[in-house]
Structure formats: C-alpha cells, structure tokens
Amino acid sequence: MEASEVQGEKGLLSVVVPAYNEQDALPEFQRRLDEVLNELDLDAEVVYVNDGSSDATGVLLQAMQQQDGRIAVLSFSRNFGKEIAMSAGLDYARGDAVVIIDADLQDPPELIPELVGHWRQGYDDVYARRISRDGESLVKRWTAHAFYRVIRRLSQIDIPPDTGDYRLLSRRAVEALRQLREQHRFMKGLFNWVGFERKEVLYRRDKRAAGKTKWNYWRLWNFALEGITAHSTAPLRLASYLGMLVALFAFAYAVYVAYDKLAHGNPVAGYPSLMVALLFLGGVQLITLGIIGEYLGRMFDESKHRPLYVVKDYRPSVWGSRASLP
Ligand code: UDP
Ligand code: MG
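Residues numbered from 1 in each chain as written. Chains lettered and ligands numbered in written order. Predicted model: local features only at pLDDT ≥ 70, side-chain atom pairs only at ≥ 80, totals over all residues. Heavy atoms only, no water.

So, the overall build of the protein
And step 1. A count of helices and strands for the protein gives eleven helices and eight strands.
And step 2. Here the C-alpha radius of gyration of the protein, 25 Å, is well above what a compact globule of 326 residues would show, namely 20 Å.
And step 3. For the protein, the C-alpha atoms occupy an extent of roughly 90 × 40 × 40 Å along the three principal directions.
And step 4. Out of the 326 residues belonging to the protein, those deemed buried represent 45%.
And step 5. Intrachain contacts of the protein at a sequence separation of at least 6 include 85% that bridge at least 24 residues.
And step 6. Here the protein contributes 40 positively and 41 negatively charged side chains, and the mean placements of these two sets differ by 6 Å. (Helix = DSSP H or I, 4+ residues; strand = E, 2+ residues; numbered from the N terminus. Rg over C-alpha atoms; globule rule 2.2 N^0.38 Å. Buried < 20%, exposed > 50% of the residue type's maximum accessible area, 1.4 Å probe, protein only. Contact = heavy atoms within 4.5 Å. Lys, Arg positive; Asp, Glu negative; His and termini not counted. Charge placed at Lys NZ, Arg CZ, Asp CG, Glu CD.)

A look at the pattern of salt bridges
And step 1. Overall, the coordinates contain 18 salt bridges when judged by the stated rule.
And step 2. Put simply, Glu-226 and Arg-298 hold a salt bridge, and the shortest N to O gap is 3.4 Å. Within this pair, whereas Glu-226 is found in helix H9 (residues 217–231), its partner Arg-298 is found in helix H11 (residues 271–303), the two being separated by 72 residues in sequence. You'll find Glu-226 and Arg-298 in the same group, each marked buried.
And step 3. When salt bridges that share partners are traced, they join Asp-91, Arg-171, Glu-175, Arg-178 and Arg-181 into one network. (Salt bridge = Lys/Arg side-chain N within 4 Å of Asp/Glu carboxyl O.)

Brief notes about the packing of H9 against H11
And step 1. Two numbers describe how H9 lies on H11: the axes approach to 11 Å, and their chain directions differ by 80°. On the basis of the axis angle, H9 is roughly perpendicular to H11. Here Leu-225, Glu-226, Ile-228 and Thr-229 of H9 lie close against H11, whose contacting residues are Glu-294, Tyr-295 and Arg-298.
And step 2. Here the contact of H9 with H11 is built from residues that sort into three nonpolar, one polar and three charged. (Axes fitted to C-alpha atoms, helices over the stretch in contact; angles between N-to-C directions. Parallel < 35°, antiparallel > 145°, perpendicular 65-115°, else oblique. Nonpolar A, V, L, I, M, F, W, Y, C, P; charged D, E, K, R; others polar.)

A look at the nonpolar core
Looking at soluble globular proteins, one finds that nonpolar side chains tend to be buried together.
And step 1. Residues Leu-13, Val-15, Tyr-48, Ile-112, Tyr-166 and Leu-168 are the most contacted members of the largest nonpolar core, which totals 34 residues.
And step 2. Top contributing element to this core by residue count: helix H2 (residues 26–39), with five residues.
And step 3. Beyond its immediate chain neighbours, meaning those up to four positions away, Val-15 contacts Leu-33, Leu-37, Glu-45, Val-46, Val-47, Val-99 and Ile-101.
And step 4. One finds Val-16, Ala-173, Leu-180 and Phe-191 within the second-largest nonpolar core, a separate group that totals 17 residues. (Core = buried A, V, L, I, M, F, W, Y, C linked by side-chain atoms within 4.5 Å.)

Some points on helix H8 (residues 187–194)
And step 1. Along H8, seven of the eight residues are buried, which leaves the element largely enclosed by surrounding structure.
And step 2. Those residues of H8 that fall on the buried side of the exposure criterion are Met-187, Lys-188, Gly-189, Leu-190, Phe-191, Asn-192 and Val-194.
And step 3. Of the residues flanking the end of H8, it is Gly-195, one or two places downstream, whose phi is positive at about 80°.

Structural notes on the pairing of strand E3 (residues 71–76)
And step 1. Counting buried positions over the six residues of E3 gives six, a clear majority of the element.
And step 2. Examined bridge by bridge, strand E2 (residues 43–50) and E3 share five bridges and lie parallel to one another. Directly across from Val-47, in E3, lies its bridge partner Ala-72.
And step 3. As a crossover connection, the stretch from E2 through helix H3 (residues 57–67) into E3 is right-handed.
And step 4. Note that E3 and strand E8 (residues 311–315) share four bridges and pair antiparallel. Looking at the pairing, Ser-75 lines up with Asp-313 of E8. (Pairing = 2+ DSSP bridges. Right-handed = clockwise from strand over helix to strand, strands pointing away.)

Some points on a nonpolar patch on the surface
And step 1. Taken together, Leu-236, Leu-286, Leu-289 and Ile-292 make up a surface patch of nonpolar side chains, about 390 Å² in accessible area.
And step 2. Of all the elements, H11 adds the most residues to the nonpolar patch, at three residues.
And step 3. Secondary-structure assignment places Leu-289 in helix H11. (Patch = residues over 30% accessible without salt bridge, like charges linked within 9 Å, V, L, I, M, F, W, Y side chains within 5 Å. Areas by Shrake-Rupley, 256 points an atom, 1.4 Å probe, with all protein chains shown as cover.)

What to know about the side chain of Ser-75
And step 1. By the element assignment, Ser-75 lies in strand E3.
And step 2. Each residue touching Ser-75, except ones within four places of it in the same chain, is listed here: Asn-50, Val-310, Val-311, Lys-312 and Asp-313.

Some remarks on helix H7 (residues 171–178)
And step 1. The buried count for H7 comes to six of eight residues, which makes it a mostly enclosed element.
And step 2. For H7, the set of buried residues is Arg-171, Ala-173, Val-174, Glu-175, Leu-177 and Arg-178.

Looking at the packing of helix H10 (residues 234–264) against H11
And step 1. As a packed pair, H10 and H11 sit with axes 9 Å apart at the nearest point and diverge in direction by 165°. It follows that H10 is roughly antiparallel to H11 by the angle criterion. The handedness of the crossing between H10 and H11 is left-handed. The segment H10 lies against H11, with Pro-235, Leu-236, Leu-238, Ala-239, Leu-242, Val-246 and Tyr-253 engaging Ser-273, Phe-280, Leu-281, Val-284, Thr-288, Ile-291, Ile-292 and Tyr-295.
And step 2. Broken down by class, the residue content of the contact of H10 with H11 amounts to 13 nonpolar, two polar and no charged. (Left-handed = near helix turned anticlockwise from the far one by under 90°.)

Right under this line is the structure:
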C-alpha cells in the first residue's frame, strides 16, 4: 500500500487510542507509551481518536499534539462509541503495523515490543489475551466468560476467549478491515473475520488507572446482542425448532385426548390446559417475533448507508495525513 512506501526502511508503527472522557488517565498513558515507543526500532505515530469527550480530553490532546509531532488527533462531532472510534483510527493510521490500545492503561503499553516482535515474524493479527482481570467483579468475569462461549458456539468464526481489542494488525489486515463498513460493528468479530495469521500473547489486565469505566450491564448486554446478531443467524432458526417441538408435543397430546375420550369417556380437559397452551404459544411467538425484529432493525440501519462517523477536526502527525477513505 502507499502508506508503507512513504516511510524510511525503519518502518512506521501507528498506535490507535480511542479516548472518551479520559482527561485523568491521558497524561500518564502518553508518558508510559512514549517511553515504550522511544525504545522501539521503528518510527511511530500515536493516533488519538477523541470520541466526543465532554471533559478536558480535547484540550489536553491538542496541547499534547502541539508538543509532540508523533501525535495525531482525530475528533468526532459527538460520541460514536468505541467500536467506531477504533475503526476511524484504522482509517487514519498510516503505519505498516497498527496497534489498538485503550487509554485507561488497562492494556499495558509495555507489551507493544512483544507484539511488534511477532509481527516481524510474519503474523498479521497479534492479539493480547489476558490471564487475569484484576479489579473486576466476579459477576463481570463470569458474564464475560459466558458471552465468549455463547458467541463461539453460535457463530462460525472463532473468537478467542478473554481477548479484548488490544492487538497489533499488519497493514494488509488493516486494509481488509477498512473495507468492512457496516454500521453495527462488533470489532472482535471483524478482526477474526478477515483471517490471516494470528498469534496470541498473554498479559495481565490491570485496573483502570483513573476515571471510571463507561460500561454497565445494560451496555454489555447490548454489546453481546450486537456480537451475536452481527455474526450469526442461528437465533432466527430458533422459531423453526421451537415450532417443530411444540407441534410434536401437540400431536402426542391430541392422540392422548382422543384415546382418553374413547376409552374412558372422559370429557375433554378444559380451562387450565387451554390457558397454559395459549399463554405458552403466545410467549413463544412474541419472542421469535422479537428476534426477527432484532435482525430487521439492523437491516434497516445498514440500508441507510450512512458514514460511520463525522469528523470535527483532524490534526495529523508529522507522518502526514491519510487522504483516501473508502
Ligand atoms: N471509549 C471510547 N468511546 C466510548 C467508550 C469508551 O472511545 O464511547 C474508549 C475509552 O476512552 C477507553 C476504551 O474505549 O480508551 C475502553 O473503555 P472502558 O475502559 O470504558 O471499557 P472497559 O475497559 O471497561 O471495557
Ligand atoms: Mg477500561
């Protein structure tokens, strides 16, 4: 790609950092990242994506960008969410390899040299897998675990468990990802959809350095729904299987009712069984309608073909700006 031709023989590493209200974590993050990048045998740029922060993140990033030519700042017109912020970072990153990392220091920047090492050996997607989740509640750990298992079962693509977005992507993996412009983006699934050579690196996930997480259980639930509906149509089949099961049961029950009437002369059973059957079937029908609705709603969103994000301001690093967007 053209990006790799611009650089000297050293090669350029881009670090993409989505940041939403991270004023407290950013200075320390940049300090630690800077140390790591200085040690690397690569040129580097840091692409901060300010995802419509309402605190001082924007001002802070601007000041940092003026001091350090390696920093690029892309600001959205409003909050678009982390998945889209990462995608924008990939659009604007110029590097031969691109690292995606959180701004809250939960992903230790000190791991980057190891990621780069594997990239140099020819891997395209070097992802960091956490061996511990310090500072996260048991419930969150358990729900995360359950989610990874469900999505692995339901979708054909293999999403490694306990893996976040912290990873290094080769230029060709980035170019492949940039072609996926769907609105409902579940990046963990997309990373795996593009394929290429993948390599796992283990690390300890730290506590948030400052500020607090933007996640709550409702958001996590919706995130899980996105993940499943974006990569699997298995739930749509649920209606057929449930229907078959109910029909089978109804048939057996009809035989029993007829036999009971003929053999024993019992009157047909009345209100309770009718009510149960009615409510059960009503419930099943509403649930399956809801599932169809989930998919239909997503089709509606995709069919509008809106751009993924709106840029308010872009300040490139010394490595220049990316002109062509898909
Ligand atoms: N983030 C973002 N937009 C959002 C929410 C989060 O860019 O709408 C960024 C945030 O600044 C951080 C990263 O995504 O760099 C991870 O967010 P967070 O720490 O809240 O998530 P968690 O680590 O709890 O999964
Ligand atoms: Mg975090």
